[in-house]
Amino acid sequence: MASSPPPKEVESSEKWIEADLDPSRRAKWWYSTFHTVTAMIGAGVLSLPYAMAYLGWGPGTMALVLSWCMTLNTMWQMIQLHECVPGGTRFDRYIDLGRHAFGPKLGPWIVLPQQLIVQVGCDVVYMVTGGKCLKKFLDMACTSCTPIKQSYWILIFGSLHFFLSQLPNFNSVTGFSLAAAVMSLSYSTIAWAGCLRHGQIDNVSYAYKSTSPADSMFRVFNALGQISVSFAGHAVVLEIQATIPSSPEKPSKDPMWKGVVCSYLINAICYFPVAMIGYWAFGQDVDDNVLMALQRPGWLIAAANLMVVVHVIGSYQVYAMPVFDMVERMMVKKLNFPPGLALRLVARSAYVAFTLFVGVTFPFFGDLLGFFGGFGFAPTSYFLPSIMWLLIKKPKRLSIKWFTNWASIIVGLFIMLASTIGGLRNIVTDASTYSFYT
């Protein structure tokens, strides 16, 4: 018996989804550069000296270099898997690739929770970062002004996103993403140059922080999570690649890889000097946000904090767009929610309100980075791409590719377990001494 044609309401909803939510595939290769830079470089770079303080020179440097190399490899794998099925099929979302690798039923359960943890976790951390840096900027720019509570600054920062979240798709936030990428390079340079100009503090110490053995272990675990946060672009790489046109003669993987290589070079220019010079200047006494430790020259540090604000505005939208896409698709397809402005207003405003509430309630910058880094970023950046590569490409057993992927899986699992435990424990510890909503 022939199936009946879909109702007009369903058909119009499908057309709305395709027209409003799907990428238009007009992006150039350099779009992927600043989208990826915006996704990767953010809150994490400012906490790298703090992570170094718990890991030390040797282990800290090794963790940074190893993470850079491993995540560049898994990023390459994601790009190659975007069009791994002949015939023009493109996996425009992480969940689509997960369905192909693990099956239609198991795939979403494996991929979607991890991706959402990364995207929502980043947006929560960016709420906290934006509010803190706004407060720092005003405190330095206007010393005679009456101080305003940090919670209020987070609310002020978050209120901006109620308006920006109404932009329809990735292409519409390109300008914000470009500005964010420029700002990330600028404030990273100010951070390490400021530390270099500041010089070493008196009696600087590079010894491990003197805490109890149990506390030291948990803090080291949390530091590993902070480093894994710094390489978090994998959660949105397929969505970014989906905006690039593709044909059999010119597949999207070539311009996307070109853009990613450029973004990783920018990543290295930002990360390694900030981590090394920030730790060199302050040693074990470095703050969990290295900009907070710098006071002079005041105007430059104030400008750097404002640059961080601009950057996390763009970063928030880059991570939020795939979530908006998923929520709106679900509400249209599963809940028969009528498409249009009302859908966007309700769904996106609710998401912004949720991330804002969590950020105001738990503003533990370093601990949030560690916890989310372990629980979400390690799987999406370190070992899920490797598992999918093994399942889809099936490299020869005991080959270099086989060993490389299994090494990524083992290291990623260790980081996930260690930093999740460390971050959660530190959040509980710090919460016990924190007055909420102050």
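Residue positions are given per chain, counted from 1 along the sequence in the order it is written. pLDDT decides what is reported in this predicted model: residues at 70 or higher carry local features, side-chain atom pairs at 80 or more are listed and counted, and totals for whole chains, interfaces and linings draw on all residues regardless. Only heavy atoms go into the side-chain values, all of them from the structure, while hydrogens and water stay out.

Named according to an unreviewed UniProt entry, the chain is Amino acid transporter transmembrane domain-containing protein originating from Acer negundo. Per UniProt, the chain has the following entry under Sequence similarities (unreviewed entry): "Belongs to the amino acid/polyamine transporter 2 family. Amino acid/auxin permease (AAAP) (TC 2.A.18.2) subfamily." As stated in UniProt under Subcellular location (unreviewed entry), the record for the chain gives "Cell membrane". UniProt positions are given in the numbering used here, feature names are shortened, and annotations may be inferred rather than shown by experiment.

A. Molecular detail of the overall build of the chain. Under the scheme used here, helices are H or I runs from DSSP no shorter than 4 residues and strands are E runs no shorter than 2 residues, and both carry numbers assigned from the N terminus. Scanning the chain for helices and strands turns up 16 helices and zero strands. Buried means the residue's accessible area, taken with a 1.4 Å probe over protein chains only, is under 20% of the maximum for its type, while exposed means over 50%, and partly exposed covers the values in between. Looking at the chain as a whole, 56% of its 438 residues are labelled buried. When contacts within the chain are restricted to residue pairs at least 6 apart in sequence, those whose partners lie at least 24 apart make up 86%. Carbon and sulfur atoms make up 70% of the accessible area of the chain, which totals about 18300 Å². Pairs of residues are marked as contacts when any of their non-hydrogen atoms sit within 4.5 Å. For the area figures, the Shrake-Rupley method with a 1.4 Å probe applies, and any residue is considered shielded solely by the protein chains shown.

B. Looking closely at helix 10 (residues 213–229). Over its 17 residues, helix 10 extends 25 Å from the first C-alpha to the last, a length consistent with the 24 Å expected when each residue adds 1.5 Å. Along helix 10, twelve of the 17 residues are buried, which leaves the element largely enclosed by surrounding structure. Within helix 10, burial applies to Asp-215, Phe-218, Arg-219, Phe-221, Asn-222, Ala-223, Leu-224, Gly-225, Gln-226, Ile-227, Ser-228 and Val-229. One less than the residue count of a helix, multiplied by 1.5 Å, gives the span that helix is expected to have.

C. Here's a closer look at the packing of aromatic side chains. Whether two aromatic rings pair depends on their centres lying within 6.5 Å, for rings of Phe, Tyr and Trp, where Trp uses its six-membered ring; planes under 30 degrees apart make the pair stacked, over 60 edge-to-face, and the rest tilted. Using the criterion set out here, one finds nine aromatic pairs in the structure. Ring pairing ties together the aromatic residues Tyr-316, Phe-324 and Tyr-351, which thus form one cluster. Placement of a charge over a ring requires the Lys NZ or Arg CZ to be within 6 Å of the ring centre, with the centre-to-atom vector within 35 degrees of the ring normal. When the ring centre of Trp-389 is taken as origin, the NZ or CZ atom of Lys-393, which lies over that ring, is 5.6 Å away. Note that Lys-401 overlies the ring of Trp-389, its terminal NZ or CZ placed 5.2 Å from the centroid.

D. Here's a closer look at the environment of Ala-242. As for its placement among the helices and strands, Ala-242 is situated in the loop between helix 11 (234–241) and helix 12 (253–282). Under the relative-accessibility criterion, Ala-242 is labelled buried at 1%.

E. Examining unusual backbone geometry more closely. Despite not being glycine, Lys-394 shows a phi value in the positive range, around 50 degrees. Relative to the helices and strands, Lys-394 resides in the loop between helix 15 (365–393) and helix 16 (400–431). Judged by relative accessible area, Lys-394 falls into the exposed class, the value being 61%.

F. Local environment of the pattern of salt bridges. Whenever Lys or Arg places a side-chain nitrogen within 4 Å of a carboxyl oxygen from Asp or Glu, that contact is recorded as a salt bridge. Inspection of the entire model under this criterion finds seven salt bridges. For the salt bridge of Arg-99 with Asp-96, the shortest nitrogen-to-oxygen distance reads 3.1 Å. Here the residue Arg-99 and the residue Asp-96 both occupy positions in helix 6 (residues 94–102), the gap between them amounting to three residues, near one helical turn. For Glu-328, the salt bridge is made with Arg-348, and the minimal N-O distance between the two is 2.5 Å. Pair noted here: Glu-328 is in helix 13 (residues 298–333) and Arg-348 is in helix 14 (residues 341–361), with a separation of 20 residues, a long-range link. Residue Arg-348 is classed as buried on the basis of its relative accessible area, which comes to 1%. A single network of salt bridges, built from pairs that share partners, joins Arg-93, Asp-96, Arg-99, Asp-325 and Arg-329.

G. View of the packing of helix 2 (residues 29–40) against helix 13. Direction vectors running N to C along helix 2 and helix 13 enclose 100 degrees, while the axes themselves pass 8 Å from each other. Taken together, the axes of helix 2 and helix 13 lie roughly perpendicular to each other. Facing His-35, Val-37, Thr-38, Ala-39 and Met-40 of helix 2, the residues of helix 13 in contact are His-311, Gly-314, Ser-315, Val-318 and Tyr-319. Residues belonging to the contact of helix 2 with helix 13 are distributed by class as follows: five nonpolar, five polar and no charged. Axis definition: a line fit to C-alpha positions, over the contact stretch in the case of helices; interaxial angles, taken between N-to-C directions, run 0 to 180 degrees. Roughly parallel covers angles under 35 degrees, roughly antiparallel covers those over 145, roughly perpendicular covers 65 to 115, and oblique covers all other angles. Charged means Asp, Glu, Lys or Arg here, nonpolar means Ala, Val, Leu, Ile, Met, Phe, Trp, Tyr, Cys or Pro, and polar covers whatever is left, Gly included.

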